Amino acid sequence: DGTLDAGFGAFFQKTAGLRRRRLFPAELVLAQSAEHAARTRRAPLPWQRLDPASLIVLPPGNPIQQLIDRHVPRTPTGAADLPPRRVYSHLETILAMVESGLGQAVVPSFAALTGTRWRVQLRVLTPRVALDYAIVTRSGRRDSAGLTAFVDCLRAAAQASEP
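Please read all numbers here as calculations on a predicted model, not as lab measurements.

S.K.: Explain the overall build of the chain here, please?
M.R.: Each helix and strand in the chain was counted, giving four helices and nine strands. Going residue by residue from the N terminus, the α and β elements of the chain occur as β-β-β-α-β-β-α-β-α-β-β-β-α. Scored against the burial criterion, the 163 residues of the chain give a buried share of 35%. A sequence separation of at least 24 residues applies to 78% of the contacts in the chain between residues at least 6 apart. When the accessible surface of the chain is totalled, it reaches about 9,900 Å², and 53% of it is carbon and sulfur.

S.K.: Whenever I open this one, the nonpolar core confuses me. Can you help?
M.R.: Note that soluble globular proteins tend to have their nonpolar side chains buried in a common cluster. Within the largest apolar cluster, 41 residues are counted, with the highest numbers of intra-cluster contacts made by Leu28, Trp47, Leu50, Val106 and Val107. Among the elements that take part in this core, helix α3 (residues 91–99) stands out by supplying five residues, more than any other. Once residues within four sequence positions are removed from consideration, tryptophan 47 is found in contact with Leu28, Ile68, His71, Val72, Pro73, Val106, Leu125, Thr126, Pro127 and Val129.

S.K.: Where do I start with α3 in this structure?
M.R.: Along an α-helix, a turn takes 3.6 residues, which lines up residues three or four apart on a common side. Inspection of α3 places Ile94, Leu95, Ala96, Met97 and Val98 among the buried residues, and these make up the whole buried set. Where the residues of α3 are buried, they touch β3 (28–33), β5 (56–57), β7 (105–108) and β8 (120–126). Backbone geometry just downstream of α3 places glycine 101 in the positive-phi region, at approximately 85°.

S.K.: Is there a simple way to think about the sheet that holds strand β4 (residues 45–46) in this case?
M.R.: Paired through backbone hydrogen bonds, the strands of a sheet run either parallel or antiparallel to each other. In spatial order, the strands read β4-β8-β3-β7; together these four strands make up an open sheet with mixed pairing. The open sheet is flanked by β4 and β7, the only strands paired with a single partner. The sheet contact formed by β4 and β8 spans two bridges and is parallel. The residue bridging leucine 45 from the neighbouring strand is leucine 125, located in β8. The strands touched by α3 within the sheet are β3, β7 and β8, with β7 carrying the most contacts at an inclination of about 140°.

S.K.: Quick question: what am I supposed to make of the packing of aromatic side chains here?
M.R.: Any pair of aromatic rings gets described here by the distance separating the centres and the angle formed by the planes. The final tally for this structure, using the stated rule, is three aromatic pairs. Relative to tyrosine 133, the ring of phenylalanine 24 has its centre 5.0 Å away and its plane inclined at 10°; by these criteria the two rings are stacked. Here phenylalanine 24 is found in strand β2 (residues 18–24), whereas its partner tyrosine 133 is found in strand β9 (residues 133–138), with 109 residues between them in sequence. Aromatic side chains phenylalanine 110 and tyrosine 133 sit 4.8 Å apart centroid to centroid with 65° between the ring planes, which places their arrangement in the edge-to-face category. Note that phenylalanine 110 is positioned in the loop between β7 and β8 and tyrosine 133 in strand β9, a separation of 23 residues in sequence. Judged by relative accessible area, phenylalanine 110 falls into the buried class, the value being 13%. Judged by its relative accessible area of 13%, tyrosine 133 falls in the buried class. Taken together, the ring pairs connect Phe24, Phe110 and Tyr133 into an aromatic cluster.

S.K.: Honestly, the layout of surface pockets in this entry has me stumped. Any pointers?
M.R.: A probe matching the size of a water molecule, rolled over the atoms, marks out where space remains unfilled. Counted as a void, the second largest pocket has a volume near 310 Å³. Every residue lining the second largest pocket is counted, 16 residues in all, and those nearest its centre are Leu91, Glu92, Phe110, Ala111 and Tyr133. Listing elements by their share of the lining of the second largest pocket, those giving two or more residues are β1 (7–9) and α3. Split by residue class, the lining of the second largest pocket holds 10 nonpolar, five polar and one charged.

S.K.: Would you mind going over unusual backbone geometry with me for this structure?
M.R.: Apart from glycine, the bulk of residues carry a negative phi angle, and the bulk of peptide bonds sit in the trans form. Going from threonine 126 to proline 127, the amide bond is cis rather than trans, its omega being -5°. The residue proline 127 is located in the loop between β8 and β9 in this model.

What counts and how
- Residues numbered from 1 in each chain as written.
- Predicted model: local features only at pLDDT ≥ 70, side-chain atom pairs only at ≥ 80, totals over all residues.
- Heavy atoms only, no water.
- Helix = DSSP H or I, 4+ residues; strand = E, 2+ residues; numbered from the N terminus.
- Buried < 20%, exposed > 50% of the residue type's maximum accessible area, 1.4 Å probe, protein only.
- Contact = heavy atoms within 4.5 Å.
- Areas by Shrake-Rupley, 256 points an atom, 1.4 Å probe, with all protein chains shown as cover.
- Core = buried A, V, L, I, M, F, W, Y, C linked by side-chain atoms within 4.5 Å.
- Pairing = 2+ DSSP bridges.
- Axes fitted to C-alpha atoms, helices over the stretch in contact; angles between N-to-C directions.
- Phe/Tyr/Trp six-rings, centres within 6.5 Å; stacked < 30°, edge-to-face > 60°.
- 1 Å grid on protein atoms, 1.4 Å probe; cavity = no way out; pocket = protein on both sides within 12 Å on 5 of 7 lines; lining within 4 Å.
- Points joined across faces, edges and corners; volume = space filled by probe spheres on them.
- Nonpolar A, V, L, I, M, F, W, Y, C, P; charged D, E, K, R; others polar.

Here it is, written out as structure tokens:
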């Protein structure tokens, strides 16, 4: 009904009547438990070296997961003995599962904004896959002073969380 000021996140399709603006750049990265990360190199990891069986994932219909799945190596055919994927609907839940040592996950780098909450390390994947964080507002509507202040605060938090 037009009462919502804005939406925030990764948006994959243009929608009539909405204006999308990038707030800050982001990319897909590998989240590992702090304990696991301490035993591995910090250098960027090629996508081909990911173990698909170790990944905690979003539901298959999630657009972020669909982007991830286009880059994760395919499970070998005949791998019926692989355990079922651990699937969760929220990035926060996935990060909690990673922290608990139940696996690792490919997540957007903007997940680093919650980095102080979860003991996880984010590792760069190569080649890099962009997934910008954006704001959507109604076309033709000016941002309120409160929304502008919130966006400025969000950008500052994102810059402060960069490695």
